[in-house]
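# An overview of the molecular structure
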Amino acid sequence: MIRHLYIHVPFCARICPYCAFHVHRGGVEEHRAFVAALRREWRAAREEFPLGLETIYFGGETPSILSAELFSELAEELPRERAIPEFTLEVNPATVTEAKARAWRAAGVNRISLGAQSFDAAMLELLGRQHGPKDVAETCDLLRAHGFENINIDLMFALPGQSLALWESTLAAALAYRPEHVSAYALTYEEDTPFFEKRGLWRLEPAPWAKITRPSCSSGTVRSPSSRTLGSVSISIVRLPTTGSGTGSAATRSGGTSRPSSSSRQTSASGMGEKSA
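Let us look at the structure shown here. Each chain has its residues counted from 1, following the order in which its sequence is written. Local features in this predicted model are restricted to residues of pLDDT 70 or higher, and side-chain atom pairs are both shown and tallied only at a pLDDT of 80 or more, whereas totals for entire chains, interfaces and linings draw on every residue. The side-chain quantities take in all heavy atoms of the structure and omit both hydrogens and water.

### Here's the deal with helix α3 (residues 98–107)
Throughout this description, buried means an accessible area under 20% of the type-specific maximum (1.4 Å probe, protein chains only), exposed means over 50%, and partly exposed covers the range between. Going along the chain from the N terminus, every DSSP run of H or I of four or more residues is numbered as a helix, and every run of E of two or more is numbered as a strand. Three or more residues of α3 are buried, namely K100, A101, A103, W104 and A107. Down the axis of α3, the buried set is contained in an arc of 165°. They therefore lie on one face. Looking at the buried side of α3, the elements it contacts are α2 (68–75), β3 (86–91), β4 (111–117) and α5 (133–145). Taken from the residues just after α3, G108 is the one with a positive phi, measuring 105°. This arc describes the spread of directions from the helix axis toward the C-beta atoms. The contact criterion used is simple: two residues touch if any of their non-hydrogen atoms lie within 4.5 Å.

In structure tokens:
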């Protein structure tokens, strides 16, 4: 019995300089061929394995890059006997449209993992992201307007030139959008990436959190200064040890792969956490 389904979408419009994933920058025709092949695979799998889906997770590079039409075609292959309790889609703020939001809701998506990474324009430019701080705000508003009540926001910390004050400002900006969950990832330098080549130029004084002994993955409840309006939100923090090979979390490699379930507002980290495109 298959209860949990993960679908990896390998496309990105742009390759981020910290990303070491095998990424395809294909266009619409490549997207269409991928969707057609995946639909054939699903049909074959259904004949062999019984389905009792409890969770579905669309992840990878940038699954939200698929058009509303193609996402709807994929959704046609999903069982319709009952609603899926948790159906998550990783979303890049630069790829969201009204048509896509409607298609995601119609397909049964009920949880969004939003790859914000930062709310600072300079940090987003450094990371090679397509979106700006304003795009994140507009995306959050659009998703809420279309009925998405469970949103995770991905953030990255320990970035070159990122001060503690700047990180605190980014975290506060994320909390202002009332996400149900925040995932925070420490940057790691992956081999065969532009960031790995520049790491020697970016040696900074250890950040305050680097002197704190803590597990590699932790979670907890954080209240913002305006907690009367924001309430509490669960935050997962992922810090992986630096190795010679540049091993790091999926979050730091693709901008959005072990992913925790988040069926409630209080969500603890599981494994390496989750990332968004």
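There's more to say after this.
### Brief notes about the packing of aromatic side chains
Aromatic rings from Phe, Tyr and Trp, with only the six-membered ring used for Trp, were paired whenever their centres fell within 6.5 Å, and each pair was classed as stacked if the ring planes differed by under 30 degrees, edge-to-face if by over 60, and tilted otherwise. The tally for this structure, following the rule as stated, stands at eight aromatic pairs. Centroid distance F58 to F87: 5.8 Å. Interplanar angle 25°. Geometry classified as stacked. Here F87 lies in strand β3 and F58 lies in strand β2 (residues 51–60), a separation of 29 residues in the sequence. F87 sits in the buried class, given a relative accessible area of 1%. Look at Y189 and F195: their rings are 6.4 Å apart centre to centre, the planes differ by 35°, and that puts the pair in the tilted class. Y189 sits in the partly exposed class, given a relative accessible area of 22%. On the basis of relative accessible area, F195 is assigned to the buried category, the value being 3%. Taken together, the aromatic side chains of Y18, Y189 and F195 make up a single cluster linked through ring pairs. The side chain of R105 reaches across the aromatic face of F148, ending 5.2 Å from its centre. Only Lys NZ and Arg CZ are tested; either one counts as a charge over a ring when it is within 6 Å of the ring centre and within 35 degrees of the ring normal.

### Regarding the nonpolar core
Membership of the largest hydrophobic core comes to 46 residues, with the highest contact counts inside it found for F58, W104, I112 and L155. Ignoring sequence-local partners within four residues, the contact set of W104 consists of S64, F71, L89, V91, V96, V109, I112, L143 and F148. We call a set of buried Ala, Val, Leu, Ile, Met, Phe, Trp, Tyr and Cys residues a nonpolar core when their side-chain atoms join them within 4.5 Å. Grouped together as the second largest cluster of nonpolar side chains are twelve residues, Y18, C19, V23 and L166 included.

### A few points about helix α6 (residues 164–175)
In this analysis, the expected span of each helix is defined as 1.5 Å times one less than the number of residues it contains. Compared with an ideal rise of 1.5 Å per residue, which puts twelve residues at 16 Å, α6 spans 17 Å between its outermost C-alpha atoms and is within 8% of the ideal. For α6, the complete set of buried residues consists of L166, W167, T170, L171, A174 and L175.

### Quick word on the pattern of salt bridges
For side chains of opposite charge, pairing can occur when their charged atoms come near one another. Between Lys or Arg on one side and Asp or Glu on the other, a salt bridge is scored when a side-chain nitrogen of the former is within 4 Å of a carboxyl oxygen of the latter. Taken as a whole and judged by the stated rule, the model has nine salt bridges. We note a salt bridge from R39 to E73, for which the minimum N-O separation is 3.9 Å. One end of the pair, R39, is in helix α1 (residues 28–48); the other, E73, is in helix α2, with 34 residues separating them in the sequence. Like R39, the residue E73 is buried in the burial classification.

### Section: the pairing of strand β5 (residues 151–157)
Within a regular strand, the side chains alternate between the two sheet faces. Judged by how many residues are buried, β5 sits mostly within the fold: seven of seven residues are covered. Of the two faces of β5, both are covered, the one formed by I151, I153, L155 and F157 as well as the one formed by N152, D154 and M156. Two strands pair under a simple rule: DSSP has to find at least two bridges between them. For β5 and strand β6 (residues 181–186), the ladder comprises six bridges, and the chain directions are parallel. Within β6, the position partnered with L155 by the bridge is A184. Between the parallel pair β5 and β6, the chain is carried across by α6, and the sense of this crossover is right-handed. By convention a crossover is right-handed if, when the strands point away from the viewer, the path from the first strand over the helix to the second runs clockwise.

### A short note on the layout of surface pockets
In this approach, a probe sized like a water molecule rolls over the atoms, and the result shows the empty space that is left. Any residue with an atom within 4 Å of a point lines the site, the site being either a cavity, points on a 1 Å grid over the protein atoms alone where a 1.4 Å probe fits but cannot get out, or a pocket, an open set with protein on both sides within 12 Å along at least 5 of 7 lines. Grid points are joined across faces, edges and corners, and a volume is the space filled by probe spheres set on the points. Approximately 210 Å³ is the volume attributed to the second largest pocket. Around the second largest pocket, the lining comprises 14 residues; the ones closest to its centre are I2, L5, W42, A45 and L51. Mapped by element, the contributors of at least two residues to the lining of the second largest pocket are β1 (2–9), α1 and β2. The greatest single-element share of the lining of the second largest pocket, amounting to five residues, is contributed by α1. Here the nonpolar group is Ala, Val, Leu, Ile, Met, Phe, Trp, Tyr, Cys and Pro; Asp, Glu, Lys and Arg are the charged ones; every other residue, Gly included, is treated as polar. When its residues are assigned to classes, the lining of the second largest pocket shows eleven nonpolar, no polar and three charged.

### Remarks on the environment of G59
Looking at the element boundaries, G59 is found in strand β2. Relative accessible area serves as the criterion here: at 0%, G59 is assigned to the buried category. When the C-alpha atoms of G59 and V9 are compared, they prove to be 6.2 Å apart, with 50 residues separating the residues in sequence.

### Some remarks on the environment of M1
Mapped onto the elements of the fold, M1 is located in the segment before β1. Residue classification places M1 among the exposed positions, given a relative accessible area of 56%. For the pair M1 and P50, spaced 49 residues apart in the sequence, the C-alpha separation amounts to 5.0 Å. The contact partners of M1, leaving out residues within four places of it in the chain, are P50, L51 and G52.

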